[in-house]
Amino acid sequence: MAEAKITLNDDGTLNVPDFPVIPFIEGDGTGPDIWKASSLVFDKAVASAYKGSREIKWLEILAGEKAFAKTGKWLPEETVKAIREHIVAIKGPMTTPVGKGIRSINVSLRQKLDLYSCIRPVKYIDSVPSPMKNPEKVDMVIFRENTEDLYAGIEWEEGSVGAAKLLEFLAKDMGIFLPEDTGIGIKPISEKNSKRLVAKAIAHAISNGLSSVTLMHKGNIMKFTEGAFAKWGYEVAKDKFGEKTISEHELFDNYNGIRPEGKIIIKDRIADMLFQQVLLRPEEYDVIAAPNLNGDYISDALAAQVGGLGMAPGANIGDYCALFEATHGTAPKYAGKDMVNPSSLILSGAMMLDYIKWEEAAELIRLGLQATIKDKIVTYDLARQMEGAKEVKCSQFAAAIIERIGKI
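The structure presented is a predicted model; accordingly, all values stated were derived computationally and were not measured. (Residues numbered from 1 in each chain as written. Predicted model: local features only at pLDDT ≥ 70, side-chain atom pairs only at ≥ 80, totals over all residues. Heavy atoms only, no water.)

### Here we look at a negative patch on the surface
On the surface, Glu157, Glu158, Glu180 and Asp181 cluster together into a patch of negative charge. Summarising the element assignment, Glu158 is placed in the loop between strand 8 (155-156) and helix 5 (161-174). (Patch = residues over 30% accessible without salt bridge, like charges linked within 9 Å, V, L, I, M, F, W, Y side chains within 5 Å. Areas by Shrake-Rupley, 256 points an atom, 1.4 Å probe, with all protein chains shown as cover. Salt bridge = Lys/Arg side-chain N within 4 Å of Asp/Glu carboxyl O. Lys, Arg positive; Asp, Glu negative; His and termini not counted. Charge placed at Lys NZ, Arg CZ, Asp CG, Glu CD. Helix = DSSP H or I, 4+ residues; strand = E, 2+ residues; numbered from the N terminus.)

Here it is as structure tokens:
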């Protein structure tokens, strides 16, 4: 069968051909190293799972330093168009050009494609070094709003004309007096964007048989932004998923704290308290839905509990497109040295395979990765934390995973 694009059915489900064309951006810094290693793992898992009846046809598209060198643009419009046309794509880490006319390539991609939910599953892999006593209890999925809050990027520098105008407006019209040397940022959180993010989190919990969705916020202080996020989250749970959800208050008022079969508990936690809770009682949390900044912090904090960002997969998903990615930075000092841990991108690829319903290949990747780490064959970041580990290069780590996939 000839290669073809993934398409979207009228009901929002994916139509995935047996030989789908999937665009990739290899990334900056260490991106080429980890993409080369990861793509070999993806191809081996697909070949082992489907014996030639399915295969991914990779299509390179450009963004970041490679794009700028070839086109003079950090994010060519052709790249955005290609992701939109192919529905599903994957990328390595991207540089953030300083003073180059674009705030962030990652943020631009999310906003241009309306990839409003940043989804970060965090689950411990056996034998990975962790600062936790019981890291195996960590098994959560973070749904972070991707388009507003701090990522709206609305701010004015101290001393600028915009800051002066806002200071004057706040003083004259609102009775709020701030020091003249104040930089000002605006934190927008909307009902529409909050509700669609929480709805996606609840839908995930329902489809995966999970028990709770927690709304993370700082509504005790920021009542009309963070507090509103929690309020709108409860509203969408009741209005759209009323038969499947109950609030934590209802759980204790009506069910003596015992979750009814098939019901998902909707609860909320103040942001700083939730940081403590995921350390002390991680087993109580399945899905966390959060505004942008809270979601950023909690995602990285949870990743640290299971071995760091090098072990953390991620995706940016909207109603139409999905872009899977490594969650760590470009680490330019290691670029081209074949050193870094490719696990974040490898696991993001497994997420992508789950997304297109090629679960058999996704599971082979996870099993192969786990077996490799359990055999203490790891890259330098894990080797320095593991007694008796065999330190290998990025490419050698991928080869070890491939070898173990072939034996499953």
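That was the structure; now back to the text.
### Regarding the pattern of salt bridges
Inspection of the entire model under this criterion finds 23 salt bridges. Here Asp375 makes a salt bridge to Arg404, at a shortest N to O gap of 2.9 Å. Residue Asp375 is located in the loop between helix 12 (359-374) and strand 16 (377-378), and its partner Arg404 is located in helix 14 (residues 394-405); the two are separated by 29 residues in the primary sequence. For Asp375, a relative accessible area of 46% translates into the label partly exposed. Using a relative accessible area of 15% as the deciding quantity, one classes Arg404 as buried. Beyond isolated ion pairs, a larger network of salt bridges with shared partners links Asp375, Glu403, Arg404 and Lys407. (Buried < 20%, exposed > 50% of the residue type's maximum accessible area, 1.4 Å probe, protein only.)

### Section: helix 4 (residues 105-112)
Across the eight residues of helix 4, six count as buried, placing the element largely inside the fold. On its buried side, helix 4 packs onto helix 3 (77-86), strand 5 (88-91), strand 7 (139-145), strand 14 (313-317) and strand 15 (322-326). Where helix 4 begins, the capping side chain belongs to Ser104, and its oxygen is found 3.4 Å from the backbone nitrogen of Asn106. Remark: Asp114 follows helix 4 within two positions and exhibits a positive phi of approximately 55°. (Contact = heavy atoms within 4.5 Å. Polar contact = N/O pair within 3.5 Å; in protein donor to acceptor, adjacent residues only side chain to side chain.)

### Remarks on the state of the cysteines
Per the stated rule, a full pass over the model turns up zero disulfides. Free of any disulfide, Cys321 has its nearest neighbouring cysteine sulfur in Cys118, separated by 16 Å. In this structure Cys321 comes out as buried when scored by relative accessible area, which is 2%. (Disulfide = S-S within 2.5 Å.)

### Quick notes on the UniProt feature "binding site: Mg(2+)" (unreviewed entry) in the chain
Under the feature "binding site: Mg(2+)" (unreviewed entry), the UniProt entry names Asp296. Along the chain, Asp296 falls in helix 10 (residues 292-305). Under the relative-accessibility criterion, Asp296 is labelled partly exposed at 23%. (UniProt positions renumbered as here; feature names shortened; annotations may be inferred.)

### A closer look at the environment of Lys123
Positionally, Lys123 belongs in strand 6 (residues 117-123). For Lys123, a relative accessible area of 55% translates into the label exposed. For the pair Lys123 and Glu158, spaced 35 residues apart in sequence, the C-alpha separation works out to 42 Å. With residues near it in sequence (within four places) discarded, Lys123 still touches Val138, Asp139 and Val306.

### A short note on helix 12
Each α-helix winds once per 3.6 residues, and so residues spaced three or four apart point in a common direction. The end-to-end C-alpha distance of helix 12 is 22 Å, a good match for the 22 Å that 16 residues give at a rise of 1.5 Å each. Ala361, Ala362, Leu364, Ile365, Gly368, Leu369, Thr372 and Ile373 are the residues of helix 12 that are buried. Seen along its axis, helix 12 keeps its buried residues to an arc of 160°; they face one direction. Taken together, the buried residues of helix 12 touch helix 1 (31-50), helix 11 (343-355), strand 16, helix 13 (380-383) and helix 14. At the exit of helix 12 stands Lys376, carrying a positive phi of roughly 60°. (Expected span 1.5 Å × (residues − 1). Arc of directions from axis to C-beta.)

### Quick word on a nonpolar patch on the surface
On the surface, Phe169, Met174, Ile176 and Leu178 cluster together into a nonpolar patch covering about 360 Å² of accessible area. Among the structural elements, Phe169 can be located in helix 5. For Phe169, a relative accessible area of 40% gives the class partly exposed.

### Description of the domain arrangement of the chain
You can read the domains of the chain as domain 1 (1-129 + 309-407), domain 2 (130-148 + 188-306) and domain 3 (150-186). The distance between the C-alpha centroids of domain 2 and domain 3 comes to 32 Å. Taken together, the contacts link seven residues of domain 2 with five residues of domain 3. Of the roughly 500 Å² buried between domain 2 and domain 3, counting both surfaces, carbon and sulfur atoms make up 61%. Taken together, the links from domain 2 to domain 3 amount to zero salt bridges. Where domain 2 touches domain 3, the interface holds three residue pairs in polar contact (both at pLDDT 80 or more). When grouped by side-chain class, the residues that make up the side of domain 2 that touches domain 3 number two nonpolar, three polar and two charged. (Domains from an automatic or database assignment. Buried area = accessible area lost by both parts, 1.4 Å probe. Nonpolar A, V, L, I, M, F, W, Y, C, P; charged D, E, K, R; others polar.)

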